Amino acid sequence: MNVNKEQIINALKNVIDPDLHKDLVSLGMIEDISIENNDVSFKLVLTTPACPLREKLKNDCILAIKTFVDASLNVHVELGSKVRSSPQVADKTAVLPNVKNIILVASGKGGVGKSTVAVNLAISLGKTGAKVGLIDADIYGPSIPMMFNLMDAKPKVIDKNGVNRIIPFEKFGIKLISIGFFVDPDKALIWRGPMASTALKQLFTDVEWGELDYLIIDTPPGTGDIHLTLVQTLAVAGVAIVTTPQDVALADARKAINMYRADGIKVPVLGLIENMSFFIPAELPDNKYYIFGKDGGSKLASEMNTPLLGQIPIVQSICESGDAGEPISVSDNNIVEKSFASLAEKLTQQLSIWNAFFEATDVEQHEETCNCKE
Ligand SMILES: Nc1ncnc2c1ncn2[C@@H]1O[C@H](COP(=O)(O)OP(=O)(O)OP(=O)(O)O)[C@@H](O)[C@H]1O
Ligand SMILES: [Mg+2]
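First things first, this report covers the structure right here in the doc. (Residues numbered from 1 in each chain as written. Chains lettered and ligands numbered in written order. Predicted model: local features only at pLDDT ≥ 70, side-chain atom pairs only at ≥ 80, totals over all residues. Heavy atoms only, no water.)

1. Let's talk about the sheet that holds strand β7 (residues 132-136)
Counted only if it meets this: Should DSSP find at least two bridges between two strands, the strands are taken to pair. Comment: elements are numbered from the N terminus, with helices defined as DSSP H or I runs of at least four residues and strands as E runs of at least two. Axis lines are fitted to C-alpha atoms, over the contacting stretch for helices. Their N-to-C directions set the angle, which ranges from 0 to 180 degrees.
The strand order across the open sheet built from eight strands is β10-β11-β7-β12-β6-β13-β14-β15, with neighbouring strands paired in mixed fashion. Only two strands of the sheet have a single neighbouring strand rather than two, namely β10 (169-171) and β15 (308-314). Between one strand and the next, the sheet's axes are offset by a mean angle of 25 degrees, whatever the strand orientation. Sheet topology places β10 next to strand β11 (residues 174-178); three bridges connect them, and they run antiparallel.

2. Brief notes about the side chain of S329
So the rule is basically this: The contact rule is simple, with two residues in contact once any of their heavy atoms fall within 4.5 Å.
In this fold, S329 is placed in the loop between α10 (316-324) and α11 (335-359). In this structure S329 touches N120, I123, S124, K127, E337 and F340, once residues within four positions along its chain are discounted.

3. Let's talk about empty space enclosed by the protein
Just so we agree on the cut-off: Cavities and pockets are found on a 1 Å grid laid over the protein atoms alone: a cavity is a set of points where a 1.4 Å probe fits but cannot escape, a pocket is an open set with protein on both sides within 12 Å along at least five of seven lines, and a lining residue has an atom within 4 Å of such a point. Grid points are joined across faces, edges and corners, and a volume is the space filled by probe spheres set on the points. Think of it as three bins: nonpolar holds Ala, Val, Leu, Ile, Met, Phe, Trp, Tyr, Cys and Pro, charged holds Asp, Glu, Lys and Arg, and polar takes everything else, Gly as well.
Under the defined criterion, the tally for this structure stands at one cavity of 30 Å³ or more. What the largest cavity holds in volume is close to 70 Å³. Taken together, 13 residues line the largest cavity, and the ones lying closest to its centre are D17, D19, T47, C51 and S352. Looking at side-chain class alone, the lining of the largest cavity contains seven nonpolar, four polar and two charged residues.

4. A word on helix α3 (residues 114-127)
Which entries qualify depends on this criterion: Helix span is expected to be 1.5 Å times the residue number reduced by one. Throughout, exposure labels follow a simple rule: accessible area from a 1.4 Å probe, protein chains only, divided by the maximum for the residue type, with under 20% read as buried, over 50% as exposed, and the rest as partly exposed.
When the terminal C-alpha atoms of α3 are compared, their 20 Å separation across 14 residues agrees well with the 20 Å that a helix rising 1.5 Å per residue should span. Burial of α3 is extensive: twelve of the 14 residues sit out of reach of the surface. Of the residues flanking the end of α3, it is G129, one or two places downstream, whose phi is positive at about 110 degrees.

5. Re the sheet that holds strand β4 (residues 39-46)
Across the sheet, three strands lie side by side as β3-β4-β5; this open sheet has mixed pairing. Edge positions in the sheet fall to β3 (30-36) and β5 (74-81), since each has one partner strand and no second. Taken pair by pair, the neighbouring strands of this sheet meet at an average axis angle of 15 degrees, ignoring direction. Sheet analysis places β4 next to β5, joined by eight bridges and oriented parallel.

As structure tokens, then:
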């Protein structure tokens, strides 16, 4: 039969991305259509390689072509992705213009698992094929050197056109830098805010990050000077808030969400991550014990009108693998690695939604609208 590209494009205009509420053609997600006899091929270019809707969208495309063009066609869809920059970065005067999306991992309370989440999220995203960087900005208690077994390591410094540039480490598929490689945490404790902020800024300005799809920043506990420096210096695409299910942690998470939504800050809150949600004993992997209480994260998420992006179980190997310098997400097919992979999907999905929302809005209006959308 005689099929032309226009018919294929028109058919694909019927496929709507359920997150972005537009058709795939208008979203620029269809590329390289070719037709040979009964075979139709094209690329479906997703906004993130971690897209949880990839199979659904692919099947919807095939169905649309068979329904609106001809049921006898063989449709071949090649999945690809191009991570889009958060519109905040579109301003090329931004620090790190080659980093498409900067994501903060924060919490109100200490010890809830920010570093564990930041590290495993970064590794999970890297496994999808995204270009990922990780910054440990916890100036008073950096934990990433230990989690990557780089305690005594010093990053390489090169001379680039007469300027010293720091080369990030590359391990487990991601690039990483910790403030801990440069300052002694015991000395950092006595630093005043401005000194800490200056040291931190060098992690953005003096490091050769190259092009990155996602840069994850592990932050210190609370909502202090470091967080202000981060949101004032960088075009932050969004923040993910980590909590545990207990009331004390939830109260601090609520404060942190309010801080990021406050006037003058206005960073999109991508969602809540509940860590240590339930305990799974190694010998009884089908049993779940909600030792810190049940549903705390989901209740806070609905109260604060933000999605619950994931629930990470308490598993001894999370702690052991972190201490041993090989985070749990490096290995495949265990329940924890799967929960971090699902978290990576949900988080980037929210990011794509926020980015599309901002693209449709005047950049000048960001400040106004940023947290009214959810
Ligand atoms: N889901 C989990 N299961 C078991 N152990 C965990 C889990 N999450 C975190 N831990 C352990 O709890 C401790 C605290 O975690 P982590 O360092 O990630 O917290 P944090 O919020 O970054 O702390 P800080 O506020 O000090 O920066 C670590 O020893 C870590 O290995
Ligand atoms: Mg930490």
